[in-house]
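Read off the chains here:
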Amino acid sequence: MISLSSIRDSFEGVIPSVIATADAYGMPNVSYLSHVYYVDERHVALSNQFFSKTAANVAANGLATVLVVDGFTGDQHVLDLSFERSETEGETFEHVERHLALLEQGMSHVMKLRAVDIYQVDDCRPVPAANPLELPPVHGEHRRDHLALAAELAQSLTEENDAERLLDAALEGLERLFGFRHSMVLVPDSGHSRLTTIASRGYQEFGFGAEVAFGKGVIGLAASALKPVRVTDFSRGRRYLSAVNAMGGIDEDVRIPLPALPAPLSQLAVPMLAHGRLMGVLFAEADKAFTFRYADEQALRLIAAQLALSLFWAESERERQEPETPPAAVPAKVPVDGARTISLRFYPRDASVFMDGEYLIRGVPGRLLWHMLEQYAASGRQDFLNREIRRDRSLQLPDFKDNLETRLILLRRRLDEKDGPIRITRPERGRMRLEVDGRADLSVIEE
Amino acid sequence: MLTPEVATFIEGKVMMLVATRDATHRPMIGRGSGASYDGASGLVTVLVSASQWPDAVAHAGEGLPIATTYVRAHDYRAFQIKGVITGVREADVAESERGVRYVREQLEVMMGLGVTRLQLSSTLSDRDLVAITFRPLDVFQQTPGPGAGQRFSAEADA
């Protein structure tokens, strides 16, 4: 029997599988089946939503035969199955439910998953290509050494102790080593309701500050389930539109467009977990079907874990090494007469900041910016210690170690991308400087 | 008897699945490489590559049951026809040519939908074709959705 783990790329649904059964009198029934799910070396799962005749036949004799196809090489394997049990909860059920929910987003006929059927695999054998139309290339993406590539990237990340450079290095490495040209990292807010783009690569806009709702789209599902989510081919079953819609997640309130390919065919989102905590989501997409295979997912899990731990420790390291002494007084640059006025509005409801009428940022980064702007307006102060900000209760940081570093990166990058009159620089470790090129006109809007 | 609609459908540009079964009722899966309907006899003939699908062909014998499913790839419209095999023989010259034409046309159709030649490499085969002829007993609508699996009773000659 062929090992099921050796044909993982045949459990992707890129090319539909086939299922055949027979009724009590021996009359066969044969139909397409979108997915056969790998459970373990001796079991697969089928979602039995549509196939009433198949279900009746299996109930009669417990047998099914499926044909699975490798989405890249076209290699086919036959699996002889015996029905074992139905499950209405548990890890396999949730995995299938998540996968179906993703594929069905935006479709009118969404069917709730009632159960998954678990089958024992009695045999798995190849269907040799008797007269292949074409042979797979000897060298190619499907033969890449994922472990070696992941190790190389992980090693390069260990040499980086600056969180901001770390994020960029990871995305650069994904392109250089894996050829994944479109990628981003998003970080969660403290309430786990949305994720915000903090780093991106391969898009026309960086989209720093763009948001995705938890539970929505590939990214949101990976964050809420704390599991990798991978879609291998959005083109099958008219998925283009739903893919595009699903990407945003927060349709009704898009303030910064998420950097996104116009018609992605493959997407992969992997949660970044450290010490059991969600530090972010590593996401990649491509305009080619089946760009991300099972082995790519495993490689990215390693990278995401490395990235999460590195961020975690960068945070801790910074806390220990930051200076205690308050910044030396630096005379604020006094706006000369005639300097432009920058209109800045703060909405306490969601801590959003608008600059010259345009949305800038919200949440913790919004509160941080407003805090600095108020101090600047009151006393001309420009220099701040990370440490004092962490300890300032008025900022309502949910946890004084709650990813302040990533929030600051986000804020700084968002201001840089706006290329506007306000910037935050880092003159030295643990210190920030607010630079305001104009006269700041602050107003708080209570709603 | 098949309706003209179903007859035309199975002779058109559709992907084909074939299932036979062994004595223990363990199903055997194969793929078709072209089908035709003879209105005079009411029999369907489906071409299957014996070298690519040896198990399905080995269990195709006179008097044994067979299920065949035909799917139009661009809209998933599908029919399943079940019946009893009346004969299995090597494909003749005309049938072999039909098989070659079928593979060529289906490659065009599927590649037009973004499927690669490599992905279809062992799915479509026009070699070593056998002609499996069967008398239809039942026709089922198989298009995904609420009507999937329902007997196409008005048109079928069950």
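These numbers come from a predicted model, not from an experiment.

What counts, and at which threshold
Residues numbered from 1 in each chain as written. Chains lettered and ligands numbered in written order. Predicted model: local features only at pLDDT ≥ 70, side-chain atom pairs only at ≥ 80, totals over all residues. Heavy atoms only, no water. Helix = DSSP H or I, 4+ residues; strand = E, 2+ residues; numbered from the N terminus. Rg over C-alpha atoms; globule rule 2.2 N^0.38 Å. Buried < 20%, exposed > 50% of the residue type's maximum accessible area, 1.4 Å probe, protein only. Contact = heavy atoms within 4.5 Å. Areas by Shrake-Rupley, 256 points an atom, 1.4 Å probe, with all protein chains shown as cover. Lys, Arg positive; Asp, Glu negative; His and termini not counted. Charge placed at Lys NZ, Arg CZ, Asp CG, Glu CD. Pairing = 2+ DSSP bridges. Axes fitted to C-alpha atoms, helices over the stretch in contact; angles between N-to-C directions. Salt bridge = Lys/Arg side-chain N within 4 Å of Asp/Glu carboxyl O. Buried area = accessible area lost by both parts, 1.4 Å probe.

**Quick notes on the overall build of chain B**
The number of helices and strands found in chain B is 3 helices and 6 strands. Along chain B, from the amino end to the carboxyl end, the secondary structure elements read α-β-β-β-α-β-β-α-β. Its C-alpha atoms give chain B a radius of gyration of 15 Å, within 12% of the compact-globule value 15 Å for 158 residues. Each principal axis of the C-alpha atoms in chain B carries an extent, and together these give about 40 × 35 × 35 Å. Within chain B, the fraction of its 158 residues that count as buried is 56%. The contacts in chain B between residues at least 6 apart in sequence include a share of 67% that link residues at least 24 apart. By element, 52% of the accessible surface of chain B is carried by carbon and sulfur atoms, the whole surface being about 6400 Å². Across chain B, the mean location of the 15 positive side-chain charges is 5 Å away from that of the 18 negative side-chain charges.

**Here we look at the sheet that holds strand 2 (residues 28-33) of chain A**
All names here are of chain A. The strand order across the open sheet built from 7 strands is 2-1-5-6-7-4-3, with neighbouring strands paired in antiparallel fashion. Sheet topology places strand 2 and strand 3 (37-40) at the edges, where each strand pairs with a single neighbour. When the angles between neighbouring strand axes are averaged without regard to direction, this sheet yields 35°. Summarising the sheet, strand 3 and strand 4 (residues 43-47) pair through 3 bridges and their orientation is antiparallel. Bridging across to strand 4, Asp40 finds its partner in His43. Contacting strand 1 (17-22), strand 2, strand 5 (63-69), strand 6 (76-87) and strand 7 (116-127), helix 1 (residues 52-61) crosses the sheet at an angle of about 50° to strand 1.

**Comments concerning the side chain of Asp9 of chain A**
Residue and element names in this part refer to chain A. As for its placement among the helices and strands, Asp9 is situated in the segment before strand 1. In this structure Asp9 is buried but unpaired, with Arg293 as the nearest side chain of opposite charge at 4.4 Å. Discounting chain neighbours no more than four positions away, the residues touching Asp9 are Val69, Asp70, Gly71, Phe290, Arg293 and Tyr294.

**Comments concerning the interface of chain B and chain A**
If you look at the interface, chain B gives 40 residues, while chain A gives 48 residues. Of all residues in chain B, Arg26, Ile29 and Leu118 of chain B give up the largest surface area on contact with chain A, accounting jointly for 20% of the area buried on that side. Linking chain B with chain A are 3 salt bridges. With its nearest N and O atoms 3.5 Å apart, the salt bridge here joins Asp122 of chain A to Arg26 of chain B.

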